[in-house]
Amino acid sequence: MMARAFWTTAPLLGELRDEVLPDRAEDQALVRTRATAISRGTERLVFAGRVPESQFAAMGCPLMAGTFPFPVKYGYAAVGLLEDGQRVFVLHPHQDLFLAPAAMCIPVPDGVPDTRAVLAANMETALNIIWDARPIPGERALVIGAGVVGLLVAHLLSRFPGLDLVLCDADPSRAAIAAALGLRFCRPEAAPEDRELIIHASGNPEGLRLALRCAAFEARILEASWFGDALCPLPLGEAFHSRRLSLIATQVGAVSPAMRGRRSYADRLGLALSLLDDERLDALTGTPTRFADLPARMGALLGLEEAPPGAPCPVVIYP
């Protein structure tokens, strides 16, 4: 069988390549893709060739092909159909037809449409962040960065009783998305102080510096951004020690210690898919791009050529 996949071939360049699928193994499923999502955080670094050599192994996706920096077939948010018609989510790059281990094909709930189900990988990240953060009802919380992960983290935090929650972003257009999710929004200059729990997901060092300024005594700051090969200078000589702040790394590659040994990767992804059964989350996805147009559109969709268009999560649809 013939398939077509999107490959990044050089900085800011990509193309669709034909490939012949190998013979199917007994433990594999054939998936015909219906939609994929683009991660503006991780995939921007890959497309721009900014993955540090020290992180080549850590940045690898389960079913990617090629090697960093180029050429590489990368991506991790595909929704497709099995031969029996069942819809599944798979951590697979942008490709119209592919083979995947059956164990990695997680059923999509009936109430979650394709273009929302592609958020599963981001929701899985947000869920792991919540497990790492261990929110306490009644805390004053701040989420800095209203990208896809930040919005989903704030969405999950809003379910905790008595939590005083604010979502902060420098982009005023994110206020409308926050409102659609029922979240309180502010710009950085109006960010509240004395926050006991802060999630930083802006990908900008200034956002993390803002987190340090807004942290209360003995606050927990969880760093959810991925800076790639960029440096992130911080004022750790100011109130960082006197306020006894905790700066905690959180990353989806390992199940949070809070649930490790009790939930598998498949369990976590299945739970993430179930949490997408909320039509308000459609505010995170924009007008879809056709797979055939992806090479010409990828740079713009990632915001590398101009201001990124529309909603924070670009979606690719397949004929």
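These lines cover the structure that appears in this document, whether it is placed above or below. (Residues numbered from 1 in each chain as written. Predicted model: local features only at pLDDT ≥ 70, side-chain atom pairs only at ≥ 80, totals over all residues. Heavy atoms only, no water.)

The subject of this paragraph is the overall build of the protein. Tallying secondary structure elements over the protein gives nine helices and 17 strands in all. Relative to the globule expectation of 20 Å for 319 residues, the C-alpha radius of gyration of the protein, 19 Å, shows essentially globular dimensions. Across its three principal directions, the C-alpha atoms of the protein cover 60 × 40 × 35 Å. Expressed as a percentage of the 319 residues in the protein, the buried residues total 51%. When contacts within the protein are restricted to residue pairs at least 6 apart in sequence, long-range pairs at least 24 apart make up 67% of them. Working note: accessible area of the protein is about 14,000 Å², and carbon and sulfur atoms make up 53% of it. Here the protein carries 30 positive and 36 negative side-chain charges, and the mean point of each set is 4 Å from the other. (Helix = DSSP H or I, 4+ residues; strand = E, 2+ residues; numbered from the N terminus. Rg over C-alpha atoms; globule rule 2.2 N^0.38 Å. Buried < 20%, exposed > 50% of the residue type's maximum accessible area, 1.4 Å probe, protein only. Contact = heavy atoms within 4.5 Å. Areas by Shrake-Rupley, 256 points an atom, 1.4 Å probe, with all protein chains shown as cover. Lys, Arg positive; Asp, Glu negative; His and termini not counted. Charge placed at Lys NZ, Arg CZ, Asp CG, Glu CD.)

All chains considered together, the criterion is met by 18 salt bridges. Residues Arg220 and Glu139 are paired through a salt bridge, measuring 2.8 Å at the closest nitrogen-oxygen approach. Separated by 81 residues along the polypeptide, Arg220 in strand E14 (residues 215–223) and Glu139 in the loop between helix H4 (120–133) and strand E10 (140–144) bring together distant segments of the chain. The class of Glu139 is buried, set by a relative accessible area of 8%. (Salt bridge = Lys/Arg side-chain N within 4 Å of Asp/Glu carboxyl O.)

Moving on: the packing of H4 against helix H5 (residues 148–157). Look at H4 against H5: their axes get within 9 Å of each other, and the N-to-C directions meet at 55 degrees. As the angle between them shows, H4 and H5 are arranged oblique. Handedness of the H4/H5 crossing: right-handed. Taken together, the residues of H5 that come into contact with H4 (itself represented by Asn122, Met123, Thr125, Ala126, Leu127, Ile129 and Ile130) are Val148, Val149, Leu152, Val153, His155, Leu156 and Leu157. In the contact of H4 with H5, the residues fall into eleven nonpolar, three polar and no charged. (Axes fitted to C-alpha atoms, helices over the stretch in contact; angles between N-to-C directions. Parallel < 35°, antiparallel > 145°, perpendicular 65-115°, else oblique. Left-handed = near helix turned anticlockwise from the far one by under 90°. Nonpolar A, V, L, I, M, F, W, Y, C, P; charged D, E, K, R; others polar.)

A large share of helix H7 (residues 205–214) lies buried, amounting to seven of its ten residues. Taken together, the buried positions of H7 are occupied by Pro205, Gly207, Leu208, Leu210, Ala211, Leu212 and Cys214. In the core, the buried residues of H7 are packed alongside E10, strand E11 (164–168), strand E13 (195–200), E14 and strand E15 (246–249). The residue sitting at the N-terminus of H7 and contributing the capping side-chain oxygen is Asn204; that oxygen lies 2.9 Å from the backbone nitrogen of Glu206. (Polar contact = N/O pair within 3.5 Å; in protein donor to acceptor, adjacent residues only side chain to side chain.)

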